[in-house]
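If you want the building blocks of each chain, they are given just below.
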Amino acid sequence: MLKITNFFLIGIYLFFPILSYITSITNTTNYSKEKDHFYLSIALTLCEVLLLVLSPPIYAYSLLFFTIPLLIAYITKNKASIINCNIILIIYFLLDKIYHPLLIILILLSYYLFYLLFSKKDQFSKLLINYYFLINALILCIYFYLFSKKIINFCFIFIALFITIIYLYLLIIILKKNEIFINLNNKLKELEKERRLKTSMFKLTHELKNPLAVCNGYLEMIDFQNENKTRRYFDILKDEIKRSLTIINDFSSFGKIKELDKEELDINYLLEEIKDTLRALYIKNNAEICIENDEEIYFIGDYSRLKQVFINLLKNALEAKNKAYLLVNIKVKELKEKIKIIIKDNGCGMTKEQLAHIGEIFYTTKSTGTGLGLSYCQEIIDLHGGQIMFKSQPDIGTTITIYLPK
Ligand code: ADP
Ligand code: MG
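Reading guide: rules and limits
- Residues numbered from 1 in each chain as written.
- Chains lettered and ligands numbered in written order.
- Predicted model: local features only at pLDDT ≥ 70, side-chain atom pairs only at ≥ 80, totals over all residues.
- Heavy atoms only, no water.
- Pairing = 2+ DSSP bridges.
- Helix = DSSP H or I, 4+ residues; strand = E, 2+ residues; numbered from the N terminus.
- Axes fitted to C-alpha atoms, helices over the stretch in contact; angles between N-to-C directions.
- Contact = heavy atoms within 4.5 Å.
- Buried < 20%, exposed > 50% of the residue type's maximum accessible area, 1.4 Å probe, protein only.
- Near = heavy atom within 4 Å.
- Polar contact = N/O pair within 3.5 Å; in protein donor to acceptor, adjacent residues only side chain to side chain.
- Areas by Shrake-Rupley, 256 points an atom, 1.4 Å probe, with all protein chains shown as cover.
- 1 Å grid on protein atoms, 1.4 Å probe; cavity = no way out; pocket = protein on both sides within 12 Å on 5 of 7 lines; lining within 4 Å.
- Sits in = over half its atoms within 2 Å of the grid points.
- Nonpolar A, V, L, I, M, F, W, Y, C, P; charged D, E, K, R; others polar.

Participant: I would appreciate a short explanation of the sheet that holds strand S2 (residues 287-292) in the present structure.
Facilitator: Neighbouring strands of a sheet are bound in pairs by backbone hydrogen bonds; such pairs are parallel or else antiparallel. The 5 strands are arranged S2-S4-S5-S7-S6 in an open sheet whose pairing can be described as mixed. Two strands close off the open sheet at either side, each with one partner strand: S2 and strand S6 (387-393). Averaged over all adjacent pairs, the angle separating strand axes in this sheet is 15°, with direction ignored. The pairing of strand S4 (residues 326-334) with strand S5 (residues 338-345) spans 7 bridges and is classified as antiparallel. Across the sheet, Lys331 pairs through a bridge with Ile342, a residue of S5. The sheet contacts of helix H13 (residues 373-383) involve S6 and strand S7 (397-405), and relative to S6 the element is tilted by about 140°.

Now the structure itself:
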C-alpha cells in the first residue's frame, strides 16, 4: 500500500511543474507580477491534475498529497490556482466516490477558513504546516471511523503525513528562494536603469556642448556694424538656445516622475483636445489626424502627462512624413478592463534595427532630435500600469498600440 516508488512518483508530479515554472520565470526578460502569478497558477493547476490523474492510489493517504498544490496556492495567495485546485478536487472526488462528499467539503472549507483566519500574518505557512496536518489527520481518522469503519493504520497515516510535510517544506523553500532571486533580478534592473541614467548624463553634457559651442562661435563673430548679418546670427542663436532648452526640459522630466496626478478622464475628449492643439502644425505640413470613436470612454489617468505622451507620438508621426500627405488614424476601443488606443501613420516607418532601439534614451535618427520623447512616453504609460507597443514597416508606416487600465 505504501510503496517508496509511489512517494517518488508523487514527488515528480509535484516538483516537475513547480521547477518548470521557476525555470521559465527566471528566464523571462520582461518579468512582471502578472506574468509570475499566471505561470504559477498554471504550474499549480498542472500539479493538481497530474497528481489526480497519474498518481497511484494510496487510498486514504492520497488525500493528503492531493491537497499540497492547494496549500501552496493558499501560501502564495495565488487566487486563480486556489479556485482551480478547489474545483478540480471537488470534481475528482465527486466522480471517484472514494470519499464521502461531506468529508471533501469539510476539508476544503477548513482550508479556506484557516486561510481567512491567518492569511494576514506572516507566519501563515509555518502555522499551516505545524498545525494543519494534525487537523487533517484527525479529520481522516474521524472519516474512517464514521464512514468506512475500516481499521485505520496510524503508522501509515503518520508516514504519509511526514512525507507530505517534507514535500511541502521543500516546495516552500524552493519558492522562497525563487522570490529572493526575483527580488535580486528586479534590483539589478533598477541598477541598470540608474547606470543608464548616469551614462545619459554624460551624453546630455555632450548634447548640450554642441549648441553652446555654436552659440559661442556666433557671439564672437557678431559685428554690430553689419546689422543684416547680426540679425541672421541672432536667429541662429535663438534656435540653438531653444534646442538646448528642449533637451534640458525633456531630460529633467525624464526619470523623475514618481507619482501621477490622477483624475477621471474621457479618452475621446483628451484626443480631440490634442488634435486641436496640433491642428495648425498639421495643416501647415499637409497632414491630418483622423479620430475614430463612438461613445464616451472614461478611465483614470494623469491628464497633463498623457497629453504630453500623445503630443510626443503625434509629433513623431509628423516628423516621419515622407509622402505628399500624412494621415494619422487614431482608433479607441473599450475592452473589459482596459482601453486600447491604436495610432497608425503612413510615414517613413522603421527598420527592424531601429525598432529594436525604440524607447532607448537618447536614441534618435533625426539631426535635431533628442531621443527622449519615446522614453518619456514609455515611462508615463508604465506608471499608469499600461503598455505601449510599436509595429513598423519601412516606407509603409508605424502603428503604436497603447493599453491603459480603466
Ligand atoms: P526624437 O523624436 O527626438 O528623435 P523619440 O524618442 O521621440 O526621439 O523617437 C526616437 C526615434 O524613433 C526617432 O528618432 C525615430 O527614428 C523613431 N520614431 C518614433 N516614432 C516614429 C514614427 N511614428 N515613424 C517612424 N519613426 C519613428
Ligand atoms: Mg520625438
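Participant: What's the story with the environment of Glu259 in this structure? I'm lost.
Facilitator: On the secondary structure map, Glu259 appears in the loop between helix H9 (227-253) and strand S1 (262-266). A relative accessible area of 68% means that Glu259 is categorised as exposed. Separated by 124 residues in the primary sequence, Glu259 and Leu383 place their C-alpha atoms 7.9 Å from one another.

Participant: Is there a simple way to explain helix H4 (residues 68-75) in this structure?
Facilitator: At 3.6 residues per turn, the α-helix brings residues three or four places apart onto the same side. The buried count for H4 comes to 8 of 8 residues, which makes it a mostly enclosed element. Residues of H4 that are buried include every one of Ile68, Pro69, Leu70, Leu71, Ile72, Ala73, Tyr74 and Ile75, and no others.

Participant: Would you take a moment to explain unusual backbone geometry for this structure?
Facilitator: Residues other than glycine seldom take positive phi values, yet Lys77 does so here, at roughly 55°. Examined against the element boundaries, Lys77 turns out to sit in the loop between H4 and helix H5 (79-96). With relative accessibility at 39%, the residue Lys77 sits in the partly exposed group. Even without being a glycine, Asp395 presents a positive backbone phi close to 70°. Checked against the element boundaries, Asp395 lands in the loop between S6 and S7.

Participant: How should I be thinking about the side chain of Asn268 in this particular structure?
Facilitator: Topologically, Asn268 is positioned in helix H10 (residues 267-284). Contacts of Asn268, omitting those with residues within four sequence positions, involve Asn293, Glu295, Glu296, Ile297 and Val332.

Participant: Sorry if this is basic, but what is going on with the site of ligand 1 here?
Facilitator: As a matter of local geometry, ligand 1 sits amid 19 residues, with Asn316, Thr364, Thr365, Lys366 and Leu374 nearest to it. Side-chain polar atom of Asp345 to a nitrogen atom of ligand 1: 2.9 Å apart, as the coordinates give it. Between Lys366 and ligand 1, the recorded distance is 2.7 Å, taken from a side-chain N or O atom to an oxygen atom. Within the complex, the protein chains bury 94% of what would otherwise be the 530 Å² of accessible surface of ligand 1. A molecule is said to occupy a pocket when more than half its atoms come within 2 Å of that pocket's grid points, and by this definition ligand 1 occupies the second largest pocket. For the shell around ligand 1, the elements supplying multiple residues, two or more each, are helix H11 (303-319) and H13. Classifying every residue of the shell around ligand 1 by side-chain character gives 7 nonpolar, 9 polar and 3 charged.

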